[in-house]
Amino acid sequence: MPSSAFPAACYHLSRGYHVQSNPVPPHPPEQHDVSPTRDVSLMRFAGYFLWLGTVGFGGPIALAGYMQQDLVDHRGWISKEDYLDGLALAQLAPGPLAAQLAIYLGYIRAGVLGATLVAIAFVLPSFLMVLALSAAYVRYGGLAWMQGVFYGIGAAVIGIIARSAFKLTKLTLRKDKLLWGIFAVLAVSTAVTSQEIIWLVVLGGVVALVVKSYPLRASASTAAGVFLAASSVLPSAGQLGEIFLYFAKAGMFVFGSGLAVVPFLYGGVVQGHHWLTPQQFVDAVAVAMITPGPVVITVAFIGYLVAGRAGATAAAAGIFLPVYVVVVVLAPSYKRWSKNPQLSAFVRGVTAAATGAIAGSVVVLARRSIYDLPTIIIAAVSLAVLFRWKVPEPVIIAVAAVIGLALHRA
């Protein structure tokens, strides 16, 4: 990857988690580090991702680190070169990083069949967990104990997202004044309008491309045209079709950070389609925080509240379809364009815009979850703990749930 590309390390902040003891190296080593690979059956290979999707807490950079440690270093199922190629693709293309990397490794192992099996195995565990939580939420959501649990969790989630936004901003933007400007525009617009304005996100990429890669303006307009066209095509076909197409469109604007989809979803789910109330949306984000796998699995919770299990399936299929298609279509030829400076500049601009939207969404969600002294204290303490100690976010969520339940009963 070109030296101007943003580091892989920034992606561990998408769910607010710390880098594990085996972080993914931010810069690929020399090509002579390529290692031989061992033969393994496709079922066993896919089984690894089923296991990782079941126990894989830690956020995308931690999941990517586990893949490197297990598949490259310990088992030798994937060469170091193929792993780093997948990491580079996941950085440049839209979609949550860990899911893209997993699908790419499946493609390297067994083509389209391998990519398909790995995608299903990696996403299925967290999807089933969210289904179970969604069913419990619908059944018991009106009971005092469930209200108390989410009273505490909702406030803690604000602290988690605020910390993630701060860290992601620091590592992604650094001292680049242009990227800070793009960030500020999206942060303010998201906070004021309570929704992510997609054309501003695309414009952020176009501006970065034009400024950093002048005079190749044609590339900017072409890239913007592709994104805008992709976000507006295909009419909805019934409620399930509408759910699927909406989340498929959302999936095209998740660059590395799963939290980037949160402000986009808020505008459409709460204000546009009126599928969820503001409080239900905060609860949806909370559900994603307490399950393993990518944070975008929160869409399954949303889909369930709208149309039951069929709605959850349509939403999850929609959000992950762009990830799958991008990998399968681009993987064979990505080396020809991965080092393109124009593409890198465009992606950096889009990432800065998405980071600004995440920061703005903190304000939007805080309006719904922090409204009295106890929630202020829970959010503030959660934020302070995350900055001071390496405490896993599920632990923060669990403690907040207990506190919320106790306060609600009192």
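What counts as what
- Residues numbered from 1 in each chain as written.
- Predicted model: local features only at pLDDT ≥ 70, side-chain atom pairs only at ≥ 80, totals over all residues.
- Heavy atoms only, no water.
- Helix = DSSP H or I, 4+ residues; strand = E, 2+ residues; numbered from the N terminus.
- Buried < 20%, exposed > 50% of the residue type's maximum accessible area, 1.4 Å probe, protein only.
- Contact = heavy atoms within 4.5 Å.
- Core = buried A, V, L, I, M, F, W, Y, C linked by side-chain atoms within 4.5 Å.
- Axes fitted to C-alpha atoms, helices over the stretch in contact; angles between N-to-C directions.
- Parallel < 35°, antiparallel > 145°, perpendicular 65-115°, else oblique.
- Left-handed = near helix turned anticlockwise from the far one by under 90°.
- Nonpolar A, V, L, I, M, F, W, Y, C, P; charged D, E, K, R; others polar.
- Expected span 1.5 Å × (residues − 1).
- Arc of directions from axis to C-beta.
- Salt bridge = Lys/Arg side-chain N within 4 Å of Asp/Glu carboxyl O.
- Phe/Tyr/Trp six-rings, centres within 6.5 Å; stacked < 30°, edge-to-face > 60°.
- pLDDT = per-residue confidence, 0-100.
- Patch = residues over 30% accessible without salt bridge, like charges linked within 9 Å, V, L, I, M, F, W, Y side chains within 5 Å.
- Areas by Shrake-Rupley, 256 points an atom, 1.4 Å probe, with all protein chains shown as cover.

Attention now moves to the overall build of the protein chain. A count of helices and strands for the protein chain gives 16 helices and two strands. Each of the 410 residues in the protein chain was classed as buried or not, and the buried ones make up 56%. Long-range contacts, defined here as pairs at least 24 residues apart, represent 76% of the contacts in the protein chain between residues at least 6 apart.

Relative to the assigned elements, Asp283 resides in helix H11 (residues 278-289). Those residues in contact with Asp283, other than ones at most four positions away along the chain, are Tyr137, Phe150 and Phe301.

What follows deals with the nonpolar core. With 122 residues, the main nonpolar core has Phe49, Met67, Leu105, Phe247, Leu265, Val269 and Phe281 as its most contacted residues. In terms of residue count, helix H4 (residues 97-140) provides more of this core than any other element does, 18 residues in total. Beyond its immediate chain neighbours, meaning those up to four positions away, Leu265 contacts Tyr246, Phe247, Ala250, Val270, Phe281, Thr298, Val299 and Ile302.

This next bit is on the packing of helix H3 (residues 80-92) against H4. Working note: a packed helix pair is described by the angle between its axes plus the distance between those axes. The N-to-C vectors of H3 and H4 enclose an angle of 140°; their axes lie 9 Å apart at closest approach. Viewed along their axes, H3 and H4 adopt a mutual orientation that is oblique. For the pair H3 and H4, the crossing hand works out as right-handed. In contact with Asp82, Tyr83, Asp85, Gly86, Leu87, Leu89, Ala90 and Gln91 of H3, H4 contributes Leu97, Gln100, Leu101, Tyr104, Leu105 and Ile108. Of the residues belonging to the contact of H3 with H4, the class tally is nine nonpolar, three polar and two charged.

Right, let's get into the environment of Ala284. You can see Ala284 is positioned in helix H11. Classification of Ala284 by relative accessible area gives buried; the value is 0%. A C-alpha to C-alpha distance of 9.6 Å links Ala284 and Leu305, two positions 21 residues apart in sequence.

Here we take up helix H16 (residues 393-409). With 17 residues, H16 extends 24 Å from end C-alpha to end C-alpha; this agrees with the ideal 24 Å at 1.5 Å per step. Looking only at H16, the buried set comprises Glu393, Ile396, Ile397, Ala400, Ala401 and Gly404. For H16, the angular spread of buried residues about the axis comes to 135°, placing them on one side. Opposite the buried face of H16, by more than 90 degrees, sit the exposed residues Val402 and Arg409.

To continue, consider the pattern of salt bridges. One pass over the structure, following the stated rule, counts one salt bridge. Between Arg348 and Asp176 there is a salt bridge, and its shortest N-O distance comes to 3.7 Å. Note that Arg348 is positioned in helix H14 (residues 341-369) and Asp176 in the loop between helix H5 (144-173) and helix H6 (177-193), a separation of 172 residues in sequence.

Trans peptide bonds make up the majority, and among non-glycine residues the majority have a negative phi. Positive phi is not limited to glycine here, since Arg174 has a value of about 50°. Positionally, Arg174 belongs in the loop between H5 and H6. Note on Arg174: relative accessible area 51%, which makes it exposed. For His274, which is not glycine, the phi dihedral falls at a positive 55°. Structurally, the position occupied by His274 is in the loop between helix H10 (261-272) and H11.

As a further point, take the packing of aromatic side chains. All chains considered together, the criterion is met by 15 aromatic pairs. Taking the centre distance of 6.4 Å and the plane angle of 90° together, the rings of Phe49 and Phe122 count as edge-to-face. Taken together, the residues span a long stretch of sequence, with Phe49 in helix H1 (residues 42-55) and Phe122 in helix H4 at a distance of 73 residues. Taking the relative accessible area as the measure of exposure, Phe122 reaches 2% and is therefore buried.

Before going further, it helps to spend a moment on the packing of H10 against H11. Contact pair H10 / H11: the axes reach a minimum separation of 10 Å and the direction vectors enclose 145°. The hand of the H10/H11 crossing is right-handed. Between H10 and H11, the residues in contact are Val262, Leu265, Tyr266, Val269 and Val270 and Pro278, Phe281 and Val285, respectively. Looking at the contact of H10 with H11 residue by residue, the class counts come to eight nonpolar, no polar and no charged.

For the protein chain, per-residue confidence averages 79 on the pLDDT scale, and residues scoring 70 or more make up 80% of the total. When pLDDT is averaged over each element of the protein chain, H1 comes out on top at 93 and helix H8 (residues 217-230) at the bottom at 43. In the model, residues 1-35 has pLDDT below 50 throughout and makes 102 contacts with residues more than four positions away in sequence or in other chains. A low-confidence stretch, residues 216-235 stays under pLDDT 50, and its non-local contacts, those more than four residues away or across chains, total 22 contacts.

A few words on a nonpolar patch on the surface. Nonpolar side chains collect at one region of the surface, where Leu50, Ile120, Leu124 and Leu128 lie side by side and expose about 340 Å² of accessible area between them. The element that contributes the greatest number of residues to the nonpolar patch is H4, accounting for three residues.

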